[in-house]
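# Structure at a glance
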Amino acid sequence: MIDPKKFEKYTITEDGQLLLAKAERDRVETVWDRHEAQQPQCGYCEMGLSCRICTMGPCRIDPFGEGPQRGVCGADADIIVARNLGRMIAAGAAAHSDHGRDLVEILYKVGTGEAQGYTVRSPEKLRTVAAEYGIVVDGKDDLALAREVADAMMEDFGTRKKEVQLASRAPAKRRELWAKLGMTPRGIDRETSEMMHRTHMGVDNGWDSLIVHGARNALSDGWGGSMIATEVSDILFGIPQPVPSTINVGVLKEDHVNILVHGHNPLVSEAIMDAVELPEMVELAKSVGAAGINLAGLCCTGNELIMRHGIPMAGNHLMSELVLTTGAVEMMIVDYQCIMPALGQVAQCYHTKMISTSDKAHFPQMDHHEFHPETAVDTARALVKMAVENYALRNPDKVYIPVTPVDLVSGFSVEAVVGALGGTPQPLIDAIVAGKIRGAAGVVGCNNPKIKHDYGHVALMRELIANDILVVDTGCAAVASAKAGFKTTKALEWAGPGLKEVCGALGVPPVLHVGSCVDNVRILVLAAALANALGVDISDLPLAGAAPEWYSEIGRAHGVYFVASGIFVVLGPTPPVTGSANVVKLLTQDLEGLVGANFAVEPDPLKAAVLMRRRIEDKRKGLGLDAREVR
Ligand code: BF8
Ligand code: SF4
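This structure is a prediction, so every number in the text was calculated from the model and none was measured.

## Quick word on the pattern of salt bridges
Tallied over the entire structure, the rule returns 44 salt bridges. Here Asp98 ties to Arg101 by a salt bridge, and the two come within 3.0 Å at their closest N and O atoms. In this pair, Asp98 and Arg101 both sit in helix α4 (residues 77-112), three residues apart, roughly one turn of the helix. A relative accessible area of 22% places Asp98 in the partly exposed class. Here Glu194 and Arg198 are joined by a salt bridge, their closest N and O atoms 3.0 Å apart. Here the residue Glu194 and the residue Arg198 both occupy positions in helix α8 (residues 188-198), the gap between them amounting to four residues, near one helical turn.

Written out as structure tokens, the structure reads:
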């Protein structure tokens, strides 16, 4: 027997430890094995000091000052670090913004009647957003409006506007600041494209101007592409409302056909959900000896389904391989982003069918069944049928579902939060002014094998709620806290007295699930609503953010748009910028003077909590509210 305690150094989760033991028994290689095999990782790259932008290189700068201090073209450490950071932001902004574009295309096709199975589930949001875009709504039906809104949003991706439309949701003071600093996001594609241009050899060699553009690029995602993604998802699939569900690997059912959806875009997972619920599919499952079909999510597409429909979730990023080692998964259907290319290989050890669905995301050892809006229903049915038929190939001796699921409540869109508050953010403002709630924190982002799985998120959130800070979370952070039991009202026993009182009266948990990573924009919208209600800027509010286990370029872009929007952000893993003292100083100190917020890096979540609490208390003082000293 392999002792699961051996894996305590990798993950705090029980299902993770037990399945790591199973993986070892089944000789399955995991992300932690590969991370170990990569040690020591390249020190130049870790510091951002290597450059392979052109074929005069690759080049690297000696951080100790003895070897080369310039690349072949003459770029120094500051330029190389800033260019690398810029490209990281561009890739992250591109990823979520392109996800947004895919949704806008579906919205348009819903309007023209070409999108099989999709419809407008939230006409009220369609109308609100249309009005924001200056579209006349009266007398128009949903389909006409869907076409017009999609057209207007497509304009945001282009280059002919002065500002992406939804940036108008930001407080006036913030927008004035962006205009003064040259950070106003003009077009979603434009800013990413311009970043790739600026970072070509021989273009922008100002490390500071590159970072200012990096902020503009990230803002084009936060107030542009990602915000469009969230709004259109709400229009097409409904505005989330509080909904109970369950979470962890225990949501898999031994006697059911288990289908997992993994990735980000709800276009695929929503269609699969509809197909799974068809009576003919349930009958088919019974005919092969299963009790039914069980759908569960992973990562952000899982977050989308749980937020809107309460579909259970099996886990977050670092669980995506381990969930396959249960031997109980008939099919995993992926779209894009954060899908480890190793997954197909893991599945080879079991009977699991691996299906890729996006024309832009192919993976080794997966079968490719492309999703297109015109045939989404047909494709989804065919896949579910295939999954059901695969049940016969399951080897019962390999099945191991080691835990029982944890309860949670999800679905806290801004509309739901304001609804829970009685229709206006005022009660939340009152609770903050009274000091019962000290402030709010957004905890977001990924898992990363450099940090013990889920420890960064859970330890940080425990500290925050114990100190009367309301937490909103998204992405893999949200999955971590839910698995740890933070997303039911029972968790109020871990909250400080003020937070306990306020959340208890409202009947909500101390940690509110606001969605997937694109839904980080819900945090921006909520922050803007609070700032507008008080007549201040976002940077004046007692708010703080953290990404305790971030790994991805997406996470990088999101961190930058939070800071550029005025929210202090603590990162767990260190970004690859330490090779430039100038860039580090700008990010961790000088941005404060420019945008009213900066970054800190603190891998220890207990210390990160202190930094965030200090920030929140400082901001309280700035608003003339009572402030506590934080040591
Ligand atoms: O967009 S939190 S590991 S799944 S990047 Fe990926 Fe990170 Fe998870 Fe969602 Ni976000
Ligand atoms: Fe080297 Fe300059 Fe080319 Fe980068 S851009 S690889 S530093 S020559």
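## Structural notes on the site of ligand 2
The immediate surroundings of ligand 2 are formed by Cys51, Ile53, Cys54, Met56, Gly57, Cys59, Gly71, Val72, Cys73, Ile80, Arg83 and Met201. Counted by class, the shell around ligand 2 contains nine nonpolar, two polar and one charged residues.

## Considering the sheet that holds strand β16 (residues 599-601)
Through backbone hydrogen bonds, the strands of a sheet pair up, either in parallel or in antiparallel fashion. A sheet is described by the order of its strands in space; here six strands give the open sequence β13-β12-β11-β14-β15-β16, paired in parallel fashion. On the outer flanks of this sheet lie β13 (511-515) and β16, each paired with one strand and no other. Direction aside, neighbouring strands of the sheet carry axes that sit 25° apart on average. Sheet topology note: the strand β15 (residues 569-571)/β16 ladder contains three bridges and is parallel. Residue Leu571 lies in a different strand from β16, and its bridge partner there is Val601. Of the strands in this sheet, β11 (439-443), β12 (469-474) and β13 touch helix α18 (residues 475-483), which is tilted by about 120° from β12.

## Concerning the coordination of the nickel atom of ligand 1
For the nickel atom of ligand 1, the protein supplies a single donor, Cys517 (SG), at a distance of 2.2 Å. What the four donor atoms of the nickel atom of ligand 1 show is an angle range of 89 to 158° at the metal, which sorts the shape as irregular.

## Comments concerning the packing of helix α17 (residues 455-466) against α18
Orientation of α17 relative to α18, taken along the N-to-C sense of each, is 70°, at an axis distance of 9 Å. Classified by the angle their axes make, α17 and α18 are roughly perpendicular. For the crossing formed where α17 meets α18, the hand is right-handed. Contacts from His457, Val458 and Met461 of α17 reach α18 at Cys476, Ala477, Ala480 and Ser481. Of the residues contributing to the contact of α17 with α18, the split by class is five nonpolar, two polar and no charged.

## Considering the packing of aromatic side chains
Applying the stated criterion to the full structure yields six aromatic pairs. Here Tyr10 and Trp32 contribute two aromatic rings whose centre-to-centre distance is 5.6 Å and whose plane-to-plane angle is 20°, an arrangement assigned as stacked. You can see Tyr10 sitting in the segment before α1 (14-25) and its partner Trp32 sitting in helix α2 (residues 31-37), a full 22 residues away along the chain. Residues Tyr10 and Trp32 agree in their burial class; the two are buried.

## Looking at the environment of Val120
With respect to the helices, strands and loops of the structure, Val120 is situated in the loop between α4 and α5 (123-132). In this structure Val120 comes out as buried when scored by relative accessible area, which is 10%. Separated by 116 residues in the primary sequence, Val120 and Leu236 have C-alpha atoms spaced 4.6 Å apart. Apart from residues no more than four positions distant in its own chain, Val120 is found in contact with Val110, Leu126, Asp142, Ala146 and Ile235.

Rules of the game
Each chain carries its own residue numbering, running from 1 in the direction its sequence is written. Each chain takes a letter, starting from A, and each ligand takes a number, starting from 1, following the order in which they are written. The model is predicted, so local features are restricted to residues of pLDDT at least 70 and side-chain atom pairs to those at 80 or more, both for listing and for counting; the totals for chains, interfaces and linings are taken over all residues. Processing note: side-chain calculations cover all non-hydrogen atoms of the structure and skip hydrogens and water entirely. For this analysis, a salt bridge means a side-chain nitrogen from Lys or Arg found within 4 Å of a carboxyl oxygen belonging to Asp or Glu. For the purposes of this entry, the term helix denotes a DSSP run of H or I that reaches at least four residues, the term strand denotes a run of E that reaches at least two, and both are numbered from the N terminus. Note on exposure labels: buried denotes an accessible area under 20% of the residue type's maximum, exposed denotes more than 50%, and partly exposed covers the range between, all computed with a 1.4 Å probe on protein chains only. Here a residue is near a molecule or strand as soon as one of its heavy atoms is found within 4 Å of it. Basically, the charged four are Asp, Glu, Lys and Arg, the nonpolar ten are Ala, Val, Leu, Ile, Met, Phe, Trp, Tyr, Cys and Pro, and anything else, Gly included, counts as polar. Only when DSSP finds a minimum of two bridges between them are two strands counted as paired. Lines fitted to the C-alpha atoms define the axes, with helices restricted to the stretch that makes contact. Angles between their N-to-C directions range from 0 to 180 degrees. Whether two residues touch is decided by their heavy atoms; if any such pair falls within 4.5 Å, the residues are in contact. Ligating atoms shown are N, O and S within 2.8 Å of the metal, or 3.2 Å for Na, K and Ca, and water is not included, meaning a site may look less than complete. Between 85 and 135 degrees for all angles marks four donors as tetrahedral; over 155 degrees for opposite donors together with 65 to 115 for all other angles marks four donors as square planar and six as octahedral; every other arrangement is irregular. Throughout this description, any angle smaller than 35 degrees is read as roughly parallel, any larger than 145 degrees as roughly antiparallel, any in the 65 to 115 degree range as roughly perpendicular, and the remainder as oblique. For any helix crossing, the convention is left-handed if the near helix is rotated counterclockwise from the far helix by under a right angle, and right-handed if that rotation is clockwise. The criterion for an aromatic pair is that two Phe, Tyr or Trp rings (for Trp, the six-membered ring) have centres within 6.5 Å, with stacked assigned to planes under 30 degrees apart, edge-to-face to planes over 60 apart and tilted to the rest.

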